[in-house]
Amino acid sequence: MQFGLFTIGDVTTDPTNGTTPTEGERIHAMTQIALKAEEVGLDVFATGEHHNPPFVPSSPTTHLAYIAAQTKNLLLSTATTLITTNDPVKIAEDYAFLQHLSGGRVDLMMGRGNTGPVYPWFGKDIRQGIPLAIENYHLLRRLWREDVVNWQGKFRTPLQGYTSTPAPLDGVAPFVWHGSIRSTEIAEQAAFYGDGFFHNNIFWNKEHTAQMVNLYRQRFEYYGHGQADQAIVGLGGQVFIGDTESQAKDFFRPYFDNAPVYGHGPSMEDFTRMTPLTVGTAEQVIERTMEFADWVGDYQRQLFLIDHAGLPLEVVLDQIERLGRDVVPEVRRRMEERRPDHVPSDPPTHRTLLENPEHPHFKVSPGQPAGAE
């Protein structure tokens, strides 16, 4: 099973001392977080993509390439790549190029984005978000799997005799996850292609998370990619780890209360009851994370958000140390102990796909899933 970190790259004032990092300091901090993830033995680092303040990660491939040059084992991913406002031709080029630079240590998560004003900045209409996501991804798959593409759709100019360059490393396109919080059409899309489905369950109760993942699993089986419990699932989560529960809560509370996303709402205690947020000891984080598999079944990737809400870099690095030392080894052991033999323990990687050319990943589907029109 893969464990890692994802960041949304927010520039947030530290509520305990009023300091706000510069954009450059935040970018540097994200780099240090990735390097620390590799140092402590985590598997994945994923960066968000945002084009509006207070977020800085507007160019994920630039940043991931910089991180790739300083790491050897870390898998580099996104959370998420905007399949709606980015041109699929440019996505095909950028991530294939990153594959070559990193030696194949790349996958990516596709998402629609949740910031309405961004769409017109890139000449798009948010009311067409679902059809855009479906059509653009169908084109992207073809660009990565066909030497010459002739294509005509609804949302961009046609392509005639087009060849994307560079081609994917070893002829193997990056593995794709489809990230969605509430859109059933995106779960359907992931199932249609046999791709991974990532539910970032940070803000949602377990019943909603289970409903979305189970829909994807059922449709994965329907499309003939394997049994429902063999579908490739990833989850998000957020933790803050302390030596004691009271110490963790006392330290994290001002950051929670003033967080730009969920601050000034439910109390931290209510939020931890309603969502997967866990603030406490390493053992409490272990026990809570193990519950996720009870909700959605055995799954393949767990990413944690730990650098949100203005936490100082030195605190975040300590959290990564605790995660890698005290939490992940035990969760990994328990997850594999409970996993049936026929259920994949890891999602596809460049190496495993290269060894399995019959994987659904390589298919060029003749049509598109429901929702394209």
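As the structure is a prediction and not an experimental result, all values here were calculated from the model.

J.: Just checking my understanding: could you explain the overall build of the protein for this structure?
T.: A count of helical and extended segments in the protein gives 12 helices and 12 strands. Each of the three principal axes of the protein carries a C-alpha extent, and together these read 60 × 45 × 40 Å. In the protein, which comprises 373 residues, the share counted as buried stands at 57%. Here the contacts in the protein between residues at least 6 apart in sequence split such that 73% fall between residues at least 24 apart. Working note: accessible area of the protein is about 15200 Å², and carbon and sulfur atoms make up 51% of it.

J.: It is not clear to me how the packing of aromatic side chains should be interpreted in this structure. Could you clarify?
T.: How two aromatic rings sit relative to each other is given by the distance of their centres and the angle of their planes. If you walk through the whole model with that rule in mind, you get 13 aromatic pairs. Between the aromatic rings of Phe192 and Tyr193, the centroid separation amounts to 4.9 Å while the plane-to-plane angle is 90 degrees, which identifies the pairing as edge-to-face. For the pair Phe192 and Tyr193, one class covers both residues: buried. Relative to Phe252, the ring of Phe240 lies with its centre 5.2 Å away and its plane at 20 degrees, an arrangement referred to as stacked. One end of the pair, Phe240, is in strand β10 (residues 233-241); the other, Phe252, is in helix α8 (residues 245-257), with 12 residues separating them in the sequence. You can call Phe240 buried: its relative accessible area is 3%. Ring pairing ties together the aromatic residues Tyr137, Phe192, Tyr193, Tyr222 and Tyr223, which thus form one cluster. Arg219 extends its terminal NZ or CZ atom over the ring of Tyr222, reaching a point 4.2 Å from the ring centre.

J.: Even after reading the chapter, I still don't get the pairing of strand β2 (residues 44-47), so can you show me in this structure?
T.: Every regular strand shows the same layout, with side chains that alternate between the two sheet faces. The alternating pattern of β2 places Val44 and Ala46 on one face and Phe45 and Thr47 on the opposite face, and all of these are buried. Between the parallel elements strand β1 (residues 2-7) and β2, the chain passes through helix α1 (residues 23-39) in a crossover that is right-handed. Relative to strand β3 (residues 75-78), β2 runs parallel, the two being bridged by 4 bridges. Each residue of the ladder has a partner; that of Thr47, found in β3, is Thr78. Regarding topology, helix α2 (residues 60-68) serves as the crossover connection from β2 to the parallel β3, and that connection is right-handed.

Analysis parameters
- Residues numbered from 1 in each chain as written.
- Predicted model: local features only at pLDDT ≥ 70, side-chain atom pairs only at ≥ 80, totals over all residues.
- Heavy atoms only, no water.
- Helix = DSSP H or I, 4+ residues; strand = E, 2+ residues; numbered from the N terminus.
- Buried < 20%, exposed > 50% of the residue type's maximum accessible area, 1.4 Å probe, protein only.
- Contact = heavy atoms within 4.5 Å.
- Areas by Shrake-Rupley, 256 points an atom, 1.4 Å probe, with all protein chains shown as cover.
- Phe/Tyr/Trp six-rings, centres within 6.5 Å; stacked < 30°, edge-to-face > 60°.
- Lys NZ or Arg CZ within 6 Å of the ring centre and 35° of its normal.
- Right-handed = clockwise from strand over helix to strand, strands pointing away.
- Pairing = 2+ DSSP bridges.

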